[in-house]
Amino acid sequence: MIKISTRGQYALLIMTSLAEQDPNKYVPLKLLSHRHNLSVKYLEQILIQLSKAGMVDGLRGNNGGYKLNRKPEEYTAGEILRATEGPLSTHSVINGHSLSNAGNIEFWKGFDETINSYVNSVSLYQLVQKNLDDPGFEYCI
C-alpha cells in the first residue's frame, strides 16, 4: 500500500527549504535542524539518502552543509519521495492474495498510475512558489 512516512514528508520539506536558499551557498545541517525542529542525526540520514540519489551536494567543514545540485524546476515531488520511500506503488496489493479478479487488479494499477502521475507533475519550484504566495499565520496586536 502507498504510505508516505515522515521521512518522505521531511525530505520534501528539506528540499523545499534548500530550494528557497541561495543556490550557490551550502546550508549548514544545524541551521536546517533548528529551522525545522528536527534532530541533526535524523536530518542527516534523510540528506544522505537524497545525496546518494544525486539530488543534493554535501560539503564538510566550517562552510559546509547541503545545497541542491539542480534548479528547483528540475525536481519533481515524485522523484524526491521515491528517493526516501522507494517505489510509490500498491504492488504488494496487486501481487498479494487479497485480489481474486481482474477488476480489482485493474483498479489498483489505475490507482498507482494516478498517484505517480500527480507526484511527477508537481515540481519543487511549484512547491516553493506556493510557500512564497502563502503568507502563513500573521499575528497582529
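Residues numbered from 1 in each chain as written. Predicted model: local features only at pLDDT ≥ 70, side-chain atom pairs only at ≥ 80, totals over all residues. Heavy atoms only, no water.

Brief notes about the overall build of the protein
Along the protein, the regular secondary structure elements total seven helices and two strands. Starting at the N terminus and ending at the C terminus, the protein contains elements arranged as α-α-α-β-β-α-α-α-α. Within the protein, the proportion of its 141 residues that are buried is 33%. Once local pairs closer than 6 in sequence are excluded, the contacts in the protein between residues at least 24 apart make up 66%. Within the structure as shown, the protein displays about 9,100 Å² of accessible surface, and the carbon and sulfur contribution to it stands at 53%. (Helix = DSSP H or I, 4+ residues; strand = E, 2+ residues; numbered from the N terminus. Buried < 20%, exposed > 50% of the residue type's maximum accessible area, 1.4 Å probe, protein only. Contact = heavy atoms within 4.5 Å. Areas by Shrake-Rupley, 256 points an atom, 1.4 Å probe, with all protein chains shown as cover.)

Comments concerning unusual backbone geometry
The phi dihedral of Asn-37 falls on the positive side, at around 55°, and the residue is not glycine. Here Asn-37 lies in the loop between helix H2 (29–36) and helix H3 (40–52).

As for the layout of surface pockets
Once rolled over the atoms, a probe with the size of a water molecule shows which space is left empty. Of the pockets and cavities examined, the largest pocket occupies roughly 350 Å³. Every residue lining the largest pocket is counted, 15 residues in all, and those nearest its centre are Leu-29, Leu-59, Arg-60, Gly-65 and Tyr-66. Secondary-structure elements contributing two or more residues to the lining of the largest pocket are H2, H3, strand E1 (56–59) and strand E2 (65–68). Top contributing element to the lining of the largest pocket by residue count: H3, with four residues. For the lining of the largest pocket, a count of residues per class yields six nonpolar, six polar and three charged. (1 Å grid on protein atoms, 1.4 Å probe; cavity = no way out; pocket = protein on both sides within 12 Å on 5 of 7 lines; lining within 4 Å. Points joined across faces, edges and corners; volume = space filled by probe spheres on them. Nonpolar A, V, L, I, M, F, W, Y, C, P; charged D, E, K, R; others polar.)

Examining helix H4 (residues 77–85)
Along H4, the residues classified as buried are Ala-77, Gly-78, Ile-80, Leu-81 and Thr-84. All buried residues of H4 lie within an arc of 160° about the axis, which places them on one face of the element. Looking at the packing, one finds that the buried side of H4 touches helix H1 (6–19), H3, helix H6 (102–121) and helix H7 (124–133). One or two residues past the end of H4 sits Gly-86, with phi positive at roughly 85°. (Arc of directions from axis to C-beta.)

Thoughts on H3
Its 13 residues place the ends of H3 18 Å apart at the C-alpha level, agreeing with the 18 Å of an ideal helix rising 1.5 Å per residue. By the burial criterion, the buried members of H3 are Leu-43, Ile-46, Leu-47 and Leu-50. The arc enclosing the buried residues of H3, seen along the axis, measures out at 95°, which places them on a common side. Residues of H3 that are exposed and point more than 90 degrees away from the buried face comprise Lys-41 and Lys-52. On its buried side, H3 packs onto H1, H2, E1, E2 and H4. (Expected span 1.5 Å × (residues − 1).)

Points about the packing of H1 against H7
Following both chains from N to C, one finds H1 and H7 inclined at 75°, their axes separated by 9 Å at the closest point. Put simply, H1 runs roughly perpendicular to H7. Seen from H1, the contacting residues are Leu-12, Met-15, Thr-16 and Ala-19; seen from H7, they are Leu-124, Leu-127, Val-128 and Asn-131. Looking at the contact of H1 with H7 residue by residue, the class counts come to six nonpolar, two polar and no charged. (Axes fitted to C-alpha atoms, helices over the stretch in contact; angles between N-to-C directions. Parallel < 35°, antiparallel > 145°, perpendicular 65-115°, else oblique.)

Honestly, it's all geometry; don't read function into it.
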